[in-house]
Amino acid sequence: MTHRLRKFVLTAHVTSSVGWFGAVAGFLAFAITGIKSQDAQLVSTAYIAMELIVRVVIVPLCLVSLLTGIVLSLGTKWGLFRHYWIMIKLLMTILSTIGLLVHMQPISYMAGVAAERTLTNSDLNTQIQLVVASGAALLVLLIATILAIYKPRGLTPYGWRKQYVRKQ
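Residues numbered from 1 in each chain as written. Predicted model: local features only at pLDDT ≥ 70, side-chain atom pairs only at ≥ 80, totals over all residues. Heavy atoms only, no water.

Overview of the overall build of the chain
Phase 1: Looking only at helices and strands, one finds 6 helices and 0 strands in the chain.
Phase 2: N-terminal to C-terminal, the α/β element order of the chain is α-α-α-α-α-α.
Phase 3: Relative to its length of 168 residues, the chain is extended, with a C-alpha radius of gyration of 19 Å against a globular reference of 15 Å.
Phase 4: A principal-axis box enclosing the C-alpha atoms of the chain has dimensions of 70 × 30 × 20 Å.
Phase 5: Out of the 168 residues in the chain, the part that is buried amounts to 36%. (Helix = DSSP H or I, 4+ residues; strand = E, 2+ residues; numbered from the N terminus. Rg over C-alpha atoms; globule rule 2.2 N^0.38 Å. Buried < 20%, exposed > 50% of the residue type's maximum accessible area, 1.4 Å probe, protein only.)

Some details on the packing of helix α3 (residues 84-102) against helix α5 (residues 124-150)
Phase 1: Viewed as axis vectors pointing N to C, α3 and α5 meet at an angle of 160°, and their least axial separation amounts to 10 Å. When the axes of α3 and α5 are compared, the pair comes out roughly antiparallel. Remark: the crossing between α3 and α5 carries left-handed chirality. Contact with α3, carried on its side by W85, I88, K89, M92 and S96, involves V140, I143, A144, L147 and A148 of α5 and no other residues of that element.
Phase 2: Classifying every residue of the contact of α3 with α5 gives 8 nonpolar, 1 polar and 1 charged. (Axes fitted to C-alpha atoms, helices over the stretch in contact; angles between N-to-C directions. Parallel < 35°, antiparallel > 145°, perpendicular 65-115°, else oblique. Left-handed = near helix turned anticlockwise from the far one by under 90°. Contact = heavy atoms within 4.5 Å. Nonpolar A, V, L, I, M, F, W, Y, C, P; charged D, E, K, R; others polar.)

Topic: the confidence of the model for the chain
Phase 1: In the predicted model, the chain carries a mean pLDDT of 94, and the fraction of residues at 70 or more is 99%.
Phase 2: Across the chain, the element-wise mean pLDDT spans from 82 in helix α6 (residues 157-167) up to 97 in helix α1 (residues 3-36). (pLDDT = per-residue confidence, 0-100.)

A word on α5
Because an α-helix completes one turn every 3.6 residues, residues spaced three or four positions apart along the sequence face the same direction.
Phase 1: If you check α5, its first and last C-alpha atoms are 39 Å apart, about what 27 residues at 1.5 Å a residue would give, namely 39 Å.
Phase 2: Considered for burial, the residues of α5 that qualify are T126, Q127, L130, S134, L138, L141, A144 and L147.
Phase 3: Where α5 is buried, its residues contact α1, α2 (40-75), α3 and α4 (104-116).
Phase 4: With its phi angle positive at about 45°, K151 sits one or two positions after the end of α5. (Expected span 1.5 Å × (residues − 1).)

Some details on the pattern of salt bridges
Phase 1: Taken as a whole and assessed by the stated rule, the structure comprises 2 salt bridges.
Phase 2: With a shortest N-O distance of 3.1 Å, D123 and R117 are connected by a salt bridge. (Salt bridge = Lys/Arg side-chain N within 4 Å of Asp/Glu carboxyl O.)

Focus on the packing of aromatic side chains
Phase 1: Counted according to the given criterion, the structure contains 1 aromatic pair.
Phase 2: In this structure, K77 packs its charged tip against the face of W78, placed 4.9 Å from the ring centre. (Phe/Tyr/Trp six-rings, centres within 6.5 Å; stacked < 30°, edge-to-face > 60°. Lys NZ or Arg CZ within 6 Å of the ring centre and 35° of its normal.)

Focus on a positive patch on the surface
Phase 1: Where like charges cluster on the molecular surface, the positive patch consists of K77, K162, R166 and K167.
Phase 2: When you line up the elements, K167 lands in helix α6.
Phase 3: Residue K167 is classed as exposed on the basis of its relative accessible area of 67%. (Patch = residues over 30% accessible without salt bridge, like charges linked within 9 Å, V, L, I, M, F, W, Y side chains within 5 Å. Areas by Shrake-Rupley, 256 points an atom, 1.4 Å probe, with all protein chains shown as cover. Lys, Arg positive; Asp, Glu negative; His and termini not counted. Charge placed at Lys NZ, Arg CZ, Asp CG, Glu CD.)

Comments concerning unusual backbone geometry
Phase 1: Its identity as a non-glycine residue notwithstanding, K151 has a phi of 45°, on the positive side.
Phase 2: Inspection of the secondary structure puts K151 in the loop between α5 and α6.

Examining the nonpolar core
Phase 1: Counting 24 residues, the largest nonpolar core has Y47, V54 and I58 as its most contacted members.
Phase 2: Those elements giving two or more residues to this core turn out to be α1, α2, α4 and α5.
Phase 3: A per-element tally of this core places α2 first, with 8 residues.
Phase 4: Apart from residues lying up to four places away in sequence, V54 is in contact with F27, V59, P60, L100, M104 and I107.
Phase 5: In terms of nonpolar packing, the next biggest core, distinct from the first, is built from 8 residues, L80, L90, M92 and L147 among them. (Core = buried A, V, L, I, M, F, W, Y, C linked by side-chain atoms within 4.5 Å.)

Shown next, in the form of structure tokens:
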């Protein structure tokens, strides 16, 4: 990968990852508002906005972050399977993406309910689920950021073999 292309992909990766984190933080704020507020119109608006944020912002940023992370690892010395921290980040991102796509159904459900009627106690489990899931997503994204910054040592067996072959 050329230096210019690497810088471009790295910029896209960092921007999408930071954007994903920020959008999830905003989503969490709306989810907490949905549980705590007594204003029915505010609650309705929060759940409708949550669906919009997920579809238009979070999912695209999540996919761009995943794709650019793979491209970066394959196109640089780090490699995709050479270092444990990269494999952990990849696994966390894949699982987060799957979790996000699975949670699209309850998000859409809550937005639909909020648009039609006032939420009741029967909707509380779904509301709590959205708060917990978005809080967990923020924690996972924070851990991924920490791994990217600190890059803890530790080569995988594949990484050791590649390093040994390169030295010969």
